[in-house]
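Structural overview for review
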Amino acid sequence: MGCEILELMAEGLNIEEKNMLSKLVTDKDSDCIFRLNHYPPCPESRLNNNDNGGENVIGFGEHTDPQIISLLRSNNTSGFQICLKDKSWISVPSDHNSFFVNVGDSLQVMTNGRFKSVRHRVLTNGFKSRLSMIYFCGPSLSEKIAPLLCLIKGNERLLYREFTWFEYKKSAYATRLSDNRLGHFETNNDS
Ligand SMILES: O=C(O)CCC(=O)C(=O)O
Ligand SMILES: [Fe+2]
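This report concerns the structure included in the present document. Fair warning: this is a prediction, and the values are worked out from it, not measured in the lab.

**As for the layout of surface pockets**
By volume, the largest pocket amounts to about 430 Å³. Along the walls of the largest pocket sit 15 residues, with Thr 64, Lys 116, Ser 117, Val 118 and Arg 119 positioned nearest its centre. Of the residues belonging to the lining of the largest pocket, the class tally is five nonpolar, four polar and six charged. Here the second largest pocket defines a volume of roughly 290 Å³. Lining the second largest pocket are 18 residues, and of these Arg 35, Pro 66, Gln 67, Tyr 173 and Arg 181 sit closest to its centre. Going through the elements one at a time, β1 (33–39), β2 (58–63) and α4 (165–173) are the ones with two or more residues in the lining of the second largest pocket. Looking at which element gives the most residues to the lining of the second largest pocket, the answer is α4, with five residues.

**Describing the site of ligand 1**
Inspection of the region around ligand 1 gives 14 residues, with Arg 35, Asn 37, Tyr 39, Arg 130 and Ser 132 positioned closest. His 63 is positioned such that a nitrogen or oxygen atom in its side chain is 3.0 Å from an oxygen atom of ligand 1. Expressed as a share of its isolated accessible area of 300 Å², the protein-covered part of ligand 1 is 99%. Placement of ligand 1 is best described as lying within the largest cavity. Elements that contribute at least two residues to the shell around ligand 1 include exactly β1, β2, β7 (120–123) and β8 (130–137). With four residues, the top contributor of residues to the shell around ligand 1 is β8.

About the cut-offs
Residues numbered from 1 in each chain as written. Chains lettered and ligands numbered in written order. Predicted model: local features only at pLDDT ≥ 70, side-chain atom pairs only at ≥ 80, totals over all residues. Heavy atoms only, no water. 1 Å grid on protein atoms, 1.4 Å probe; cavity = no way out; pocket = protein on both sides within 12 Å on 5 of 7 lines; lining within 4 Å. Points joined across faces, edges and corners; volume = space filled by probe spheres on them. Nonpolar A, V, L, I, M, F, W, Y, C, P; charged D, E, K, R; others polar. Helix = DSSP H or I, 4+ residues; strand = E, 2+ residues; numbered from the N terminus. Near = heavy atom within 4 Å. Polar contact = N/O pair within 3.5 Å; in protein donor to acceptor, adjacent residues only side chain to side chain. Areas by Shrake-Rupley, 256 points an atom, 1.4 Å probe, with all protein chains shown as cover. Sits in = over half its atoms within 2 Å of the grid points.

See the structure below:
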């Protein structure tokens, strides 16, 4: 499914090579991860009465996903939120019949910012437990991640320098979950 979505994305971006993105995931050394998250009901979340059943108690702290795309499926318990441009948080209604697709940092780089890896988090629910499963489509450790030159128009600036997926992971492990882990690779930030 991840490959099909990446092929549709490549088509939407008018990339001639249909499998330019999906081949990173079909690579025999691709670094894909499957994760199961369980958030037990959290009594502290019952104190207030917001749309999550109570006070904001963080179940999974804010972050962007590092990989290319992530495919998320959960039970019918709310809690997933995304951060809007104005920094406010908005709840994504749960739907156990749907997959939620998140763009990861790597795809943001490859599309030179056309696709954004949206910051998200999970709040606990006061009454119900949340179960989610996520398949993270990641490239091989030696894969070079850089803006795809076939997407670059005229004198458009390259927003990121090239790095390997291994370099990204190494640098990400040295930061906190909520940090902008692409900052290190931005072309206007040579730190
Ligand atoms: O558990 C969820 O619903 C999402 C968790 C998440 O964002 C992640 O594991 O990267
Ligand atoms: Fe995530």
